[in-house]
Structures are given as C-alpha cells and as structure tokens.
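Chain and residue survey
Here is what each chain is made of, one letter per residue.
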Number of protein chains: 2
Amino acid sequence: MVEKQYGCPVEFTLDKIGGKWKCVILWWLRRGTKRFGELMQLMPGISRKVLTTQLRELEADGLIGRQVFQETPPRVEYSLTAFGETLRPITELMCDWGKANAPQFQFGLMCLRGLHILAIATPLTSQRLEAELGELRGAKVTTVSLAIALNTLNQICPNIVLIDYSIDEDFDLLHESLKTLTADSQKPIPAVALIANDQERDRAISQGFPIHLMEPVETSELVGAIANLTSAEDMEGYAE
Amino acid sequence: MVEKQYGCPVEFTLDKIGGKWKCVILWWLRRGTKRFGELMQLMPGISRKVLTTQLRELEADGLIGRQVFQETPPRVEYSLTAFGETLRPITELMCDWGKANAPQFQFGLMCLRGLHILAIATPLTSQRLEAELGELRGAKVTTVSLAIALNTLNQICPNIVLIDYSIDEDFDLLHESLKTLTADSQKPIPAVALIANDQERDRAISQGFPIHLMEPVETSELVGAIANLTSAEDMEGYAE
DNA sequence: GTTGATCGTTACCAAATGGTTACTGGTAGG
DNA sequence: CCTACCAGTAACCATTTGGTAACGATCAAC
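Residues numbered from 1 in each chain as written. Chains lettered and ligands numbered in written order. Predicted model: local features only at pLDDT ≥ 70, side-chain atom pairs only at ≥ 80, totals over all residues. Heavy atoms only, no water.

In the vicinity of DNA strand D there are 21 residues, among which Arg48, Arg56, Arg66 and Tyr78 of chain A together with Lys49 of chain B approach most closely. Near the protein, meaning within 4 Å, the atoms of DNA strand D are sugar or phosphate in a fraction of 60%, with bases accounting for the rest. Within the side chain of Arg56 of chain A, a nitrogen or oxygen atom sits 2.6 Å from a phosphate oxygen of DNA strand D. Breaking the surface near DNA strand D down by element, the ones donating at least two residues are α3 (36-42), α4 (48-60) and β3 (75-80) of chain A together with α4 (48-60) of chain B. Residue contributions to the surface near DNA strand D peak at 4 residues, all from α4 of chain A. (Near = heavy atom within 4 Å. Polar contact = N/O pair within 3.5 Å; in protein donor to acceptor, adjacent residues only side chain to side chain. Helix = DSSP H or I, 4+ residues; strand = E, 2+ residues; numbered from the N terminus.)

This is the structure in structure tokens:
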C-alpha cells in the first residue's frame, strides 16, 4: 500500500479534520467528555450514522478516545486524546473567526429572542446567565430555587431548563416533573446540567440529565447548546 | 430567503473555508498574488472546473480578489483580500500541524529523493537551496550561472529549474532553451522564479516564467511546489 | 488560416458524502 | 408480555461534490 501523497501540509491536516462535522465534533469535545446522545442533540442536523462514522474516523486517527461502559442502557463516552488536544488551537481559531464574522443575527443574538429559560442556579451563576442570555440576547431568564421550580414548573413552562450542579440538591424529582410535563405537551423540555467536575457530572447523569456543559462555560458554547436543543424539533428555520 | 443557521461558530467558518481545496488555495495565496494557471500547477489533482468554482466562491465570500488583465493571452490574478488575510492564522496553524504530524516520509523528505534540481541563483540563495533541498531531502542540486546554464542545459537535463530573480539578467534565452529542450523529450521542464518584489515578478512573467514564489520562501512551500510540479505528469504515486 | 496560449464555460458523468428508515440487544419498569 | 432506553447497524436512497471532455473567446505568431 503506497501512502497518500500531499502537495502541501494543509492537505494532510484536511485529511484528518476535513468534512462537514469533524471540526464541530472536536469543538464540542474540547471542554470535556461527551456521550453519543449528547453529541447528537448538540449537533442538530447530523444523523446517527454520520455521527458514528465521523467519530470512528476520528478515533482511528487517534484524535479522540472512545470508552464503552458495560451498563444498560449502554453508555459510550468520547473525549479528546492528547493528540487531539494538539488540534485545539485550530478549532479555537475557527470558533473565534466564526464569532467575529458571522452576521450577529444568525448566530447568537437572534437565536434566543422569545425563548423562556428556567435557571436553577446559585445567585452568582444566575446573574451571569441573565447577563449573557437575557440582556445580551433577549431571552427571558427566570431563576428559581429547586423547591419552587418543582411547584411551578407547569405554570412557567419554559423552553429549556438550566441546572447549576454546584447546588448540592437532589434533582431526581425535577427529572420526574419534566417527564410528566413532557407527556402532556409532546415535546420534551430539554435540560442542561452546568457542572464543575466529574463528580457533579456523574451526579447529573445518574439523575437523568445527560446533557451537560463544563464550567466555566463559554458563552458561544452555552448559546449554541440552547439554540440547538430548543430548535431540534422544529427545523423550519433552516434554509439557503 | 431565510438565512442559514449555525449551531456553533465553527459551522459558519466551515461554510466559508470547508471543502477539499479552499484552505489549500488560501495557503498558496497567502504569500502573494497568483494567477489561475499557476494555482492549477501548484495543486495537482484539482481540475479546471473545480478550481474555477472554488475561486468564485471564495471571491463571493469576499476572501479573495480577482483581477482580470485585458491582455492576450488573458491573465487573471487572485490574491487574498484584507478579509481573507484574517483567515491566515488558521491556514498557518493547519500548515504547522500538518508539518508536525504528517509522517515525514510522505511530505518533504521522500518527495525529492532522486530529483535533479538546477538552480540559477546568488551564492547565498544557492547555499540555502542546497541545505534545504539537497542535504535535508536528498535532492541533487546543481548551481550554475545563467551563461553556463544556457550552454549545458541539455547535458544537465534537470527535473526542474529554480531561477533567482534577484540576479538581474535576461532569462528570455533560458526560456527559449527550455522550450526547445521540451520539444525533444515531450515533458516540459518546469521552472520556478524566486522573486522578492512585484517588479521582479513582472519581469519573470514577461520572460515566460509565470510560476513564482515570493522570498523569503518557506521550505514547505518550496518543497511542495517542487514536488507538485515534478510529479504533475506521472501521478502513479497516488494511492490509498 | 491555422495554431497556440490563457482562462474560462457547458454538458455530462462518477464518486463521495450525507440522510432515512427500520432493526438489534440486553435489561428495567409496568 | 410489552415498552422504553441507548448506541449502535444495515440497507437503501438523495445530495453534494468533484472530474472529464469538449468548446469558446481573443489576439499574436507562423
């Protein structure tokens, strides 16, 4: 087998991270481990199959690691390898360039207008969320305690719930409430756990909140996650 | 027309510079203006049509400029716009990563072994060429004066000729010699002009050497150019 | 008046990529 | 016994991308 030849170093790099999704995958993985279903939800538009093949290729190239947990239901987690980390400067730059040059209405500001976000968070966190999501992007952010959330969930009826796991409470009941509320309205209300370490992450997963972001959360990451999760069901916004 | 939505900033960037060729084009353009035919020869494997469409898309996105000269034969030159320049850090990083991680045998070292390079250059330049192309990569580098080159070209019979345009001589005759030599052996001997400014560039183009690299030339650029130009006719090296 | 150089375009075709739908498998819960 | 769960696979189809071959426009040189 003769090895592939490249006319310039860039071609080699493109061989590894080219294509529609690979850089995006690396971007979502860059701040910590994610599981398969999480990636699926964070990247609306990608199909199961394509995500699978892209992850496998990245794994074969040694850029990401794949860890299978012998549980039921199955759980598979993906994370950057040390080698994959060497690509971070590139994805970061691509992210920065995108942020700097995408018409603001497309990415960021517009996405969240009209959205109702329920935050269960410490005062500090909720203040930050209000600033980043509310003032800057026009979303309606409601912050409440867990107890109140449980009581008033069906009145608030948010588009998405953010849970700050630095609050050391049991969110199992919240998960139940969200599920029952889901039963009525058909559309499940998505939830995102904000975690600071692996322990909080385990807690979030075991309590039924597999989708998480690692603190300190970058705004683009948070906005992207919210936009993707809330638009997952009605993709009519897409067009040329 | 609803505008496209992006789940994360990276997707926007990918929209502009994704695909098999765009980054490579930007990479070749990053050190100065290039004309269409030059790009064609520097990127073996790309077809006329694809190069055209990619260049047009880059132009439409404001990343490169296109300048048509009302001459015959026609001449079209492409260069990065100020906006396109903002992408340079990304292509540079991709180049660096490729250089650092591509198996050395594929890119660089192996390409030039067995190649005979004729250099018409100042002592300083020829010393650098000998070091970068000869010692490091195993090519055979012969440096001669223009006068000697004209006399002994058919004896030397190099795979490629490098012309240092900081030598202020008339290379028109050399161009003629190369053409006549071409007539015999079917394969044209490619030539690359090493230029330091636009004036030298104009001189090179008018004397029949449209392919050029701007000094100070990066090694990867030089090696890539030589490898691409000398392998353009026999692409058997390609494989999975 | 034919050829050649340069930078294209058009029509057509092939390959790569991406997407959809249905199915698997083991277990917990009802 | 039936369903839901998650992370897949398999078979199939659609779209996008890339490639080939032929042609055009223009003028100069032979």
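Right, picking up where we left off after that structure.
Its 14 residues give helix α6 (residues 88-101) of chain B an end-to-end C-alpha distance of 20 Å, which sits within 8% of 20 Å, the value for a rise of 1.5 Å per residue. Turning to α6 of chain B, its buried residues number three or more, namely Ile90, Thr91, Glu92, Met94, Cys95, Trp97 and Gly98 of chain B. Looking at the packing, one finds that the buried side of α6 of chain B touches α1 (9-17), α5 (82-85) and α6 (88-101) of chain A together with α1 (9-17), α2 (22-29) and α12 (219-230) of chain B. (Expected span 1.5 Å × (residues − 1). Buried < 20%, exposed > 50% of the residue type's maximum accessible area, 1.4 Å probe, protein only. Contact = heavy atoms within 4.5 Å.)

Let us now look at the sheet that holds strand β7 (residues 191-195) of chain B. Residue and element names in this part refer to chain B. Judged by pairing direction, the sheet is parallel, and its 5 strands sit side by side in the order β5-β4-β6-β7-β8 without closing on themselves. Either end of the sheet is taken by a strand with one partner, and the two such strands are β5 (140-143) and β8 (212-214). Averaged over all pairs of adjacent strands, the angle between strand axes in this sheet comes to 20°, irrespective of strand direction. Both strand β6 (residues 160-164) and β7 contribute to a ladder of 4 bridges, which runs parallel. Note that in β7 the partner of Ile163 across the bridge is Ala193. (Pairing = 2+ DSSP bridges. Axes fitted to C-alpha atoms, helices over the stretch in contact; angles between N-to-C directions.)

Time to look at the protein's contact with DNA strand C. Neighbouring DNA strand C are 22 residues, the closest being Lys49 of chain A together with Thr52, Arg56, Arg66 and Tyr78 of chain B. Among all atoms of DNA strand C positioned within 4 Å of the protein, those belonging to sugar or phosphate total 60%. The backbone of Lys20 of chain A places a nitrogen or oxygen atom 3.4 Å from a phosphate oxygen of DNA strand C. Contact between DNA strand C and Gln54 of chain A: a phosphate oxygen at 3.5 Å from a side-chain N or O atom of the residue.

Here is the key point about a regular strand: its side chains alternate between the two faces of the sheet. Pairing of strand β2 (residues 64-69) of chain A with β3 of chain A, which is carried by 6 bridges, proceeds in the antiparallel orientation. Note on β3 of chain A: the bridge partner recorded for Ile64 of chain A is Leu80 of chain A.

So, about the sheet that holds strand β1 (residues 34-35) of chain B. Residue and element names in this part refer to chain B. Taken in spatial order, the 3 strands of this open sheet run β1-β3-β2, and their pairing is antiparallel. The strands lining the two open edges of the sheet, one partner per strand, are β1 and β2 (64-69). As defined by bridge partners, β1 adjoins strand β3 (residues 75-80) across 2 bridges and the pair is classed as antiparallel. Looking at the pairing, Lys34 lines up with Tyr78 of β3. Packed onto the sheet, α2 meets β1, β2 and β3 and runs at close to 95° relative to β3. On top of the sheet, α4 reaches β2 and β3; it is set at about 115° to β2, its chief contact.

All names here are of chain B. Burial analysis of strand β4 (residues 116-120) places 5 of its 5 residues in the buried class, which makes it a mostly covered element. Note that β4 and β5 share 4 bridges and pair parallel. Counterpart to Ile117 in the pairing with β5 is Val141. Since β4 and β5 lie parallel, the crossover through helix α8 (residues 123-135) that links them has a hand, and here it is right-handed. (Right-handed = clockwise from strand over helix to strand, strands pointing away.)

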